[in-house]
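Topology and contacts: notes
For reference, the chains in residue letters:
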Amino acid sequence: MDQTRISDYDSEIEDSKSEDWTFSGADTKYFTHGLHPYPARMIPQIVNRLLNLYSNPTDLIWDPFCGSGSTLVESMLSKRQSIGTDLNPFAIFLSRVKTRPISPTKLKESKSNVFDRMHQLKKEQKRFDPPKMPNIDYWFASDVQLDLGIIRHAIDSISNESIRNFFLLCLSSTVRDVSYLKKREFKIVRMKKEKMKVFKPDVLSSFISHVDRCIPLMAGFKRNLPESYFQPEIIEIDNRDTPIESESIDLIITSPPYGDHSTTVAYGQFSRYPALWIGLELESVKTVDKRGLGGRAKREYDQNALESDILDLTFSAIRKRSKKRARDFYNFFFELNQSLMEMFRTLRENSVACIVVGNRSMSRIRIPTNLIIVELGERIGFTHERTIGRDIPTKRMPWQNAPENIEGVSADTMHTENIVILRKT
Ligand SMILES: C[S@@+](CC[C@H](N)C(=O)[O-])C[C@H]1O[C@@H](n2cnc3c(N)ncnc32)[C@H](O)[C@@H]1O
């Protein structure tokens, strides 16, 4: 690829030296942001700064790829209205729990009922059928399944839906801890046999510690909400075609996936087993990675469809190394372009979209996602306002991947990210 050409564009990026966007060392898990992990979470400090720079209280904010709901939590805290959309049912569940304030007194009351019930069921050696899920015995030891069933049954006796969901989220964290899943992985990979033999998790204690960790986080969130805050609207939907009214959005803050889910961050795989244990529907959980942007590579490359020179250059460079990867690349950007068009339609005139993106590699070719987004955006009608470059100090990302899927081969992926700001003029 013509790297000189790409570097010319790169010089348009403002680095974060004049204004610190790194937020190195900052606590990114305060309040409900810390309730549960989610891959490639946006850090709340960035969202907060963008909200202050580009919106006013009571404005309507949309995060089209809302994931765990970082934009929604920050919008509530700064008195903005907000809408979140995502096609991962687990992301929707998580965003709803994180944005539903509950009084700590009520949580503590329910906690003692749930714990009593759970210990009683355990004493009576009650057995409950686990929810339907593929290969359950491959991922969970049989005694672990029994204990998870007991907790789930104890939680189901809570009649208040928001409180029940809060405890289900604590169960979800427990599921991650006690399964044979390798921890800190984005895809579902089982731990090594030797490790499995000695892996004897205490399921009930894990659940208790998550509940005790999460109640103060929820209490902090409730205490810090403004007196009159706006409850976000959270919709499980593909953001390329939404019911959001045209020209109704005052600001978009979002971070799209870095590429198709299967070869970058597999959001569906990450959330599959926790999602099934808390009762989300198997079919929609299992198909997340296929339905996410670029998930079903089907279109043949058409140079006239997107009209981005940088996209064309990158496509040709990847194609020299792998036709299949080039097709994946094209399909991802084709679909991202559809999301950008929906953002353009829904934004009010003169409002901005802030799009946080990482530049990954495919077949060892660096993909200048930020530059491609600028070109695609300009073709749709946006004006490029600025791009802020920042280092990523803490984000949970696959720092290294094996692009050709050869064991032992790895390449750097993302160490910096860019905040691309497009204005609808
Ligand atoms: C980088 S993550 C967003 C993380 C989020 N900013 C946060 O702080 O948690 C990207 C999200 O896009 C979602 N996604 C992918 N394709 C989508 C589509 N077509 N419509 C809606 N959401 C989609 C994925 O499920 C994932 O949750």
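Shown above is the structure to which this text applies.
Below: a short report on this structure. (Residues numbered from 1 in each chain as written. Predicted model: local features only at pLDDT ≥ 70, side-chain atom pairs only at ≥ 80, totals over all residues. Heavy atoms only, no water.)

**Some points on the overall build of the protein chain**
Counting its secondary structure elements, the protein chain contains 17 helices and 11 strands. In summary, the protein chain has a C-alpha radius of gyration of 22 Å against a globular reference of 22 Å for 425 residues, a match within 12%. For the C-alpha atoms alone, the extent of the protein chain along its principal axes is close to 70 × 55 × 40 Å. Residue burial in the protein chain is summarised as follows: out of 425 residues, 58% are buried. For the protein chain, contacts bridging at least 24 residues in sequence account for 79% of all contacts bridging at least 6. Summing over all exposed atoms, the protein chain offers an accessible surface of approximately 18400 Å²; the carbon and sulfur share of this is 46%. (Helix = DSSP H or I, 4+ residues; strand = E, 2+ residues; numbered from the N terminus. Rg over C-alpha atoms; globule rule 2.2 N^0.38 Å. Buried < 20%, exposed > 50% of the residue type's maximum accessible area, 1.4 Å probe, protein only. Contact = heavy atoms within 4.5 Å. Areas by Shrake-Rupley, 256 points an atom, 1.4 Å probe, with all protein chains shown as cover.)

**Details of the site of the ligand**
Surrounding the ligand, one finds 23 residues, the nearest of these being Tyr 38, Met 42, Ser 68, Ser 70 and Asp 86. Met 42 has a polar backbone atom sitting 2.7 Å from an oxygen atom of the ligand. Here an oxygen atom of the ligand sits 2.7 Å away from a polar atom, N or O, in the side chain of Asp 86. The protein chains hide 100% of the 610 Å² of surface that the ligand would expose on its own. Per-class residue counts for the shell around the ligand are 12 nonpolar, 8 polar and 3 charged. (Near = heavy atom within 4 Å. Polar contact = N/O pair within 3.5 Å; in protein donor to acceptor, adjacent residues only side chain to side chain. Nonpolar A, V, L, I, M, F, W, Y, C, P; charged D, E, K, R; others polar.)

**Points about unusual backbone geometry**
Phi at Thr 58 takes a positive value of approximately 75°, unusual for a residue other than glycine. Topologically, Thr 58 is positioned in the loop between helix 2 (44-54) and strand 1 (60-63). Even without glycine at this site, Ser 363 takes up a positive phi of about 45°. Note on placement: Ser 363 falls in the loop between strand 6 (361-362) and strand 7 (365-366).

**Re the packing of helix 7 (residues 142-156) against helix 10 (residues 203-224)**
One can describe the packing of helix 7 onto helix 10 by two numbers: an axis separation of 9 Å at closest approach and a directional angle of 40°. By the criterion of interaxial angle, the relationship of helix 7 to helix 10 is oblique. Across the interface between the two elements, Val 144, Asp 147, Leu 148, Ile 151 and Ile 155 of helix 7 pack against Val 203, Leu 204 and Phe 207 of helix 10. (Axes fitted to C-alpha atoms, helices over the stretch in contact; angles between N-to-C directions. Parallel < 35°, antiparallel > 145°, perpendicular 65-115°, else oblique.)

**Here we look at a positive patch on the surface**
On the surface, a cluster of positive charge is contributed by Lys 182, Lys 183, Lys 192 and Lys 195. Inspection of the secondary structure puts Lys 182 in the loop between helix 8 (161-178) and helix 9 (193-198). (Patch = residues over 30% accessible without salt bridge, like charges linked within 9 Å, V, L, I, M, F, W, Y side chains within 5 Å. Salt bridge = Lys/Arg side-chain N within 4 Å of Asp/Glu carboxyl O. Lys, Arg positive; Asp, Glu negative; His and termini not counted. Charge placed at Lys NZ, Arg CZ, Asp CG, Glu CD.)

**Side note on helix 7**
The terminal C-alpha atoms of helix 7, which comprises 15 residues, lie 21 Å apart, in line with the 21 Å expected from a rise of 1.5 Å per residue. Of all the residues in helix 7, the buried ones are Val 144, Gln 145, Asp 147, Leu 148, Gly 149, Ile 150, Ile 151, Ala 154 and Ile 155. Lining the buried residues of helix 7 we find helix 5 (104-123), helix 6 (136-139), helix 8, helix 10 and helix 11 (267-277). (Expected span 1.5 Å × (residues − 1).)

**Side note on the sheet that holds strand 8 (residues 382-391)**
Two orientations exist for strands paired in a sheet by backbone hydrogen bonds: parallel and antiparallel. The 7 strands lie next to each other as 3-2-1-4-5-11-8, forming an open sheet whose pairing is mixed. Two strands close off the open sheet at either side, each with one partner strand: strand 3 (233-236) and strand 8. Going from strand to strand, the sheet's axes swing by 15° on average, the running direction of each strand aside. Pairing between strand 1 and strand 4 (residues 249-254): 2 bridges, direction parallel. The residue of strand 4 that forms the bridge with Ile 61 is Leu 251. Strands strand 2 (81-86) and strand 3 of the sheet are contacted by helix 4 (residues 89-98), whose axis makes an angle of about 165° with strand 3. (Pairing = 2+ DSSP bridges.)

**Remarks on the pattern of salt bridges**
Tallied over the entire structure, the rule returns 18 salt bridges. Between Arg 240 and Asp 238 there is a salt bridge, with its nearest N and O atoms 2.7 Å apart. Its relative accessible area of 22% is what places Arg 240 among the partly exposed residues. Between Glu 307 and Arg 379 there is a salt bridge; the shortest N-O distance is 3.7 Å. Here Glu 307 is found in the loop between helix 14 (303-306) and helix 15 (309-321), whereas its partner Arg 379 is found in helix 17 (residues 369-380), with 72 residues between them in sequence. Linked through salt bridges whose partners overlap, the residues forming this network are Asp 238, Arg 240, Arg 299 and Glu 335.

**Points about the nonpolar core**
Across soluble globular proteins, you tend to see nonpolar side chains buried next to one another. Among the nonpolar cores identified, the biggest contains 63 residues, and Phe 140, Leu 148, Ile 155, Phe 166, Phe 167, Leu 171 and Phe 207 are the most heavily contacted of them. When contributions to this core are tallied by element, the ones reaching two or more residues are helix 3 (70-77), helix 4, helix 5, helix 6, helix 7, helix 8, helix 10 and helix 11. Structurally, this core is a two-domain feature, drawing no fewer than three residues from each of domain 1 (3-89 + 229-259 + 294-424) and domain 2 (104-224). (Core = buried A, V, L, I, M, F, W, Y, C linked by side-chain atoms within 4.5 Å. Domains from an automatic or database assignment.)

**Details of the packing of aromatic side chains**
For the structure shown, the criterion picks out 17 aromatic pairs. A centroid spacing of 6.3 Å and a plane angle of 80° characterise the contact between Tyr 38 and Phe 270, whose relative ring orientation is edge-to-face. Linking Tyr 38 in the loop between helix 1 (3-10) and helix 2 with Phe 270 in helix 11, this pair joins segments that are 232 residues apart in sequence. For Phe 270, a relative accessible area of 3% puts it in the buried group. Here the aromatic rings of Tyr 301 and Phe 315 are separated by 3.7 Å at their centres, their planes lie at 15°, and the arrangement is stacked. A residue pair is termed long-range when its members are at least 10 positions apart, and Tyr 301 in the loop between helix 13 (288-291) and helix 14 and Phe 315 in helix 15 qualify at 14 residues. Look at Phe 315 and you get buried, because its relative accessible area is 6%. Taken together, the ring pairs in this structure connect Tyr 138, Trp 139, Phe 140, Tyr 273 and Trp 277 into an aromatic cluster. (Phe/Tyr/Trp six-rings, centres within 6.5 Å; stacked < 30°, edge-to-face > 60°.)

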